[in-house]
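# Notes for the structure review
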Amino acid sequence: MDLYVIRRRGAWANEQELEAAGAKSTRVGEEMADRLRWIRTYAVTEPDGRIGSVCIYEARDAEAIREHGRRVGVPSEDFQVVRGTVVKNPDPQPGAETA
């Protein structure tokens, strides 16, 4: 399986829509466990105030990414295969002070 980055721009109007999509994504991902695994998502504020995301998935192939998106009802055509990972620091915890 390869690692993919998926960019979903302005897909949700509010946190409730994002949470509902996350719950459905988890359910569909469990059904596709032999082809796809959700690693993490960063929710981002888009310039128009809507919520977008940058998602990291492990998938057997590009079609698994597309199928998952169709079944969840979220945009899944803006994706790339990850070539490598550079981690300078772990993700900070919300509200934690950084030096």
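Residues numbered from 1 in each chain as written. Predicted model: local features only at pLDDT ≥ 70, side-chain atom pairs only at ≥ 80, totals over all residues. Heavy atoms only, no water.

## Let's talk about the packing of aromatic side chains
In this description, a pair of aromatic rings is defined by centroid distance and the angle of the planes. For clarity, the threshold we go by: Pairing of aromatic side chains here covers Phe, Tyr and the six-membered ring of Trp, requires ring centres within 6.5 Å, and sorts the geometry by plane angle: under 30 degrees stacked, over 60 edge-to-face, intermediate tilted. By definition, any uninterrupted DSSP run of H or I lasting at least four residues is a helix, any uninterrupted run of E lasting at least two residues is a strand, and each is numbered from the N terminus. Burial status follows relative accessibility: with a 1.4 Å probe on protein chains alone, a residue under 20% of its type maximum counts as buried, one over 50% as exposed, and anything between as partly exposed.
For the structure on display, the rule yields two aromatic pairs. Plain terms: the ring middles of tyrosine 4 and phenylalanine 79 are 5.8 Å apart, the flat faces sit at 70° to each other, and that makes the pair edge-to-face. Separated by 75 residues along the polypeptide, tyrosine 4 in strand 1 (residues 2-12) and phenylalanine 79 in strand 4 (residues 79-81) bring together distant segments of the chain. Both residues of the pair, tyrosine 4 and phenylalanine 79, belong to the buried class. Centre to centre, the rings of tryptophan 38 and tyrosine 57 are 6.1 Å apart; their planes meet at 10°, and the pair counts as stacked. Linking tryptophan 38 in strand 2 (residues 36-45) with tyrosine 57 in strand 3 (residues 51-59), this pair joins segments that are 19 residues apart in sequence. Under the relative-accessibility criterion, tyrosine 57 is labelled buried at 1%.

## Some remarks on the layout of surface pockets
Stated precisely, the cut-off is as follows: We place a 1 Å grid over just the protein atoms. Points where a 1.4 Å probe fits but has no way out form a cavity, open points with protein on both sides within 12 Å along at least 5 of 7 lines form a pocket, and any residue with an atom within 4 Å of a point lines it. Grid points are joined across faces, edges and corners, and a volume is the space filled by probe spheres set on the points. Throughout this entry, Asp, Glu, Lys and Arg are counted as charged residues, while Ala, Val, Leu, Ile, Met, Phe, Trp, Tyr, Cys and Pro are counted as nonpolar. The remaining residues, Gly among them, count as polar.
Put simply, the largest pocket is a space of about 270 Å³. Lining of the largest pocket is provided by Leu3, Val5, Ile39, Arg40, Tyr42, Ile56, Val82, Gly84, Thr85, Val87 and Asp91. Split by residue class, the lining of the largest pocket holds seven nonpolar, two polar and two charged.

## What to know about the nonpolar core
Quick note on the threshold: Definition used in this section: a nonpolar core is a set of buried Ala, Val, Leu, Ile, Met, Phe, Trp, Tyr and Cys residues joined via side-chain atoms within 4.5 Å. Whether two residues are in contact is decided by their heavy atoms, any of which lying within 4.5 Å being enough.
By size, the foremost hydrophobic cluster in this structure holds 17 residues, and its most contacted members are Ile6, Trp12, Leu36, Tyr57, Ala59 and Ile65. Contributions of two or more residues to this core are made by strand 1, helix 1 (15-31), strand 3 and helix 2 (62-72). Top contributing element to this core by residue count: strand 3, with four residues. For alanine 59, the residues in contact, after removing those within four places along its chain, are Met1, Asp2, Tyr4, Arg35, Leu36, Ala64 and Ile65.

## Side note on the environment of alanine 13
Looking at the secondary structure, you find alanine 13 in the loop between strand 1 and helix 1. Between the C-alpha atoms of alanine 13 and arginine 50, which are 37 residues apart in sequence, the distance is 5.0 Å.

## Focus: helix 2
Side chains of residues three or four places apart in an α-helix project in the same direction, reflecting 3.6 residues per turn. Heads up, the rule is: Throughout, the arc means the angular range of directions from the helix axis out to the C-beta atoms.
Listing the buried residues of helix 2 in full gives Ala64, Ile65, His68, Gly69 and Val72. For helix 2, the buried positions fall inside an angular range of 135° around the axis, keeping them on one side. In the stretch just after helix 2, glycine 73 is the one whose phi turns positive, near 85°.

## Description of the pairing of strand 1
Basically, it comes down to this: When DSSP locates at least two bridges between a pair of strands, those strands are taken to pair.
In this sheet, strand 3 lies alongside strand 1 in antiparallel orientation, the contact comprising eight bridges. Across the sheet, the residue bridging to leucine 3 is glutamate 58, located in strand 3. Pairing between strand 1 and strand 4: three bridges, direction antiparallel. Looking at the pairing, isoleucine 6 lines up with phenylalanine 79 of strand 4.

## Quick word on helix 1
As a reminder, the rule being used: Multiplying one less than the number of residues by 1.5 Å gives the expected span of a helix.
Here helix 1 spans 25 Å end to end across 17 residues, near enough to the 24 Å set by a 1.5 Å rise per residue. Taken as a whole, helix 1 has its buried residues at Leu18, Ala21, Gly22, Ser25, Val28 and Gly29. Viewed along the axis of helix 1, the buried residues span an arc of 135°, placing them on a single side of the element. Of the exposed residues in helix 1, those oriented more than 90 degrees away from the buried face are Gln16, Glu19, Glu30 and Glu31. Contact partners of the buried residues in helix 1: strand 1, strand 2, strand 3 and helix 2.

Remember that the coordinates give geometry; whether it matters functionally is a separate question.
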